[in-house]
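Summary of the model geometry
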Protein chains: 2
Amino acid sequence: MVTKQLLKGLPEDADLRRADSLAREIFSDIANKWALLIIEALGERTLRFSELRNEVEGVSHKMLTQNLRMLERNGLVDRKVHPTVPPRVEYTLTEPGRALRTAVDVMCEWTHQHLGHIEGARGRFEG
Amino acid sequence: MVTKQLLKGLPEDADLRRADSLAREIFSDIANKWALLIIEALGERTLRFSELRNEVEGVSHKMLTQNLRMLERNGLVDRKVHPTVPPRVEYTLTEPGRALRTAVDVMCEWTHQHLGHIEGARGRFEG
DNA sequence: CGGCATCCGCATGGATACTG
DNA sequence: CAGTATCCATGCGGATGCCG
């Protein structure tokens, strides 16, 4: 069980407790719709703020900014500001960000592969 | 690009548009903290409601019920009611649920592997 | 263009209580 | 024990406006 501490949250000593609380915090940060969609949209590319806004269907200006700050703060994306006019800001996944992307890829793939099963399940569930 | 439609949302015909909208809906359902933690907690085991409540640190009665209903509706968990008194309700991941769990595992593993990097990034970000 | 602040409606989610 | 319903606070998230 890889994630014992993350899940059980009952570490015995102070260091473990700190690490686990940090892990929970990070997991809560990234386990949200917009963050995952942003990571997936970036992929291997470098995108500007406005390009990202187009790629991530339905995201608002505010949510995009907010999540990008969070991802930058956690070292998942790199933010490069070009001091031109008009301003040009580019976002790129860092190495850890790209590592996480493989997990997001799996989730997206899973979603597409199970569309049929889920539709069936919903029908059976009574909707 | 595995997830073109999920990400871009610009399908040309009606069927693709329907499938994509369904995919987005499902992705939004599962890309949330509690759903992912519940899936991870279940793993290969079968757990009762109250056991699950203990395993998933910090989840409220209401959130657990709500997310379990959602996961059941989408066919990710199987809900078995034993008509005893007191009642006994057991939850188990279905095959698709277990498939998704591998992705969640990767996310959890990623979190632990990058704790150090993230702490460093936060320091650099000024906090 | 990108970022930040403000306002504010509404859904989210906690607490509580009641049923089978 | 598990589920549902109700109440209620708060915080998420959209809209708008201004600034570098």
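No experiment lies behind these values; they were computed from the predicted model shown.

The next subject is the protein's contact with DNA strand D. Near DNA strand D you find 15 residues, and of these A:Ser60, A:Lys62, B:Phe49, B:Ser50 and B:Tyr91 are the closest. Here the atoms of DNA strand D within 4 Å of the protein split so that 62% fall in sugar or phosphate, with bases taking the remainder. Here a base nitrogen of DNA strand D sits 3.1 Å away from a polar atom, N or O, in the side chain of B:His61. Here a phosphate oxygen of DNA strand D sits 2.9 Å away from a polar atom, N or O, in the side chain of B:Arg79. Mapped onto the surface near DNA strand D, the elements with two or more residues apiece are helix H5 (61-73) of chain A together with helix H4 (49-55), helix H5 (61-73) and strand S3 (88-93) of chain B. With 3 residues, the top contributor of residues to the surface near DNA strand D is H5(B).

Within the structure, DNA strand C sits among 16 residues, and A:Ser50, A:Arg79, A:Tyr91, B:Ser60 and B:Lys62 are positioned closest to it. Of all DNA strand C atoms lying within 4 Å of any protein atom, the proportion belonging to sugar or phosphate reaches 58%. In the model, a phosphate oxygen of DNA strand C is placed 2.7 Å from a nitrogen or oxygen of the A:Tyr91 side chain. Between B:Lys62 and DNA strand C, the recorded distance is 2.5 Å, taken from a side-chain N or O atom to a base oxygen. At the level of elements, helix H4 (49-55), H5 and strand S3 (88-93) of chain A together with H5 of chain B are the ones that each hand at least two residues to the surface near DNA strand C. With 4 residues, H5(A) is the single largest residue contributor to the surface near DNA strand C. The residue makeup of the surface near DNA strand C, split by class, is 7 nonpolar, 4 polar and 5 charged.

Further remarks concern the packing of aromatic side chains. Tallied over the entire structure, the rule returns 0 aromatic pairs over all chains. One cation-aromatic arrangement involves A:Lys33 over A:Trp34; the distance from NZ or CZ to the ring centre is 4.7 Å.

Bringing the interface of chain B and chain A into the picture now. Contacts between chain B and chain A engage 50 residues on the former and 51 residues on the latter. For the pair chain B and chain A, the summed buried area comes to about 5300 Å², and 70% of that belongs to carbon and sulfur atoms. Our count for the chain B to chain A interface comes out at 6 salt bridges. A salt bridge links B:Arg18 to A:Glu119; its shortest N-O distance comes to 2.6 Å. The interface formed by chain B and chain A holds 14 residue pairs in polar contact (both at pLDDT 80 or more) in total. Going through the elements one at a time, helix H1 (4-8), helix H2 (14-30), helix H3 (33-42), H5, helix H6 (95-113) and helix H7 (115-125) of chain B are the ones with two or more residues in the side of chain B that touches chain A. Residues that form the side of chain B that touches chain A fall into these classes: 25 nonpolar, 10 polar and 15 charged.

The two copies are related by a screw operation: chain B maps onto chain A through 180° of rotation and 0.0 Å of translation along the axis, at an RMSD of 0.0 Å. As the rotation angle and translation indicate, the two copies are arranged about a two-fold axis. Comparing contact sets, 100% of the residues at the interface of chain B also lie at the interface in chain A, consistent with an isologous, same-surface contact.

What counts as what
- Residues numbered from 1 in each chain as written.
- Chains lettered and ligands numbered in written order.
- Predicted model: local features only at pLDDT ≥ 70, side-chain atom pairs only at ≥ 80, totals over all residues.
- Heavy atoms only, no water.
- Near = heavy atom within 4 Å.
- Polar contact = N/O pair within 3.5 Å; in protein donor to acceptor, adjacent residues only side chain to side chain.
- Helix = DSSP H or I, 4+ residues; strand = E, 2+ residues; numbered from the N terminus.
- Nonpolar A, V, L, I, M, F, W, Y, C, P; charged D, E, K, R; others polar.
- Phe/Tyr/Trp six-rings, centres within 6.5 Å; stacked < 30°, edge-to-face > 60°.
- Lys NZ or Arg CZ within 6 Å of the ring centre and 35° of its normal.
- Contact = heavy atoms within 4.5 Å.
- Buried area = accessible area lost by both parts, 1.4 Å probe.
- Salt bridge = Lys/Arg side-chain N within 4 Å of Asp/Glu carboxyl O.
- Least-squares fit on C-alpha atoms with pLDDT ≥ 70 in both.

Keep in mind these values describe shape, not function.
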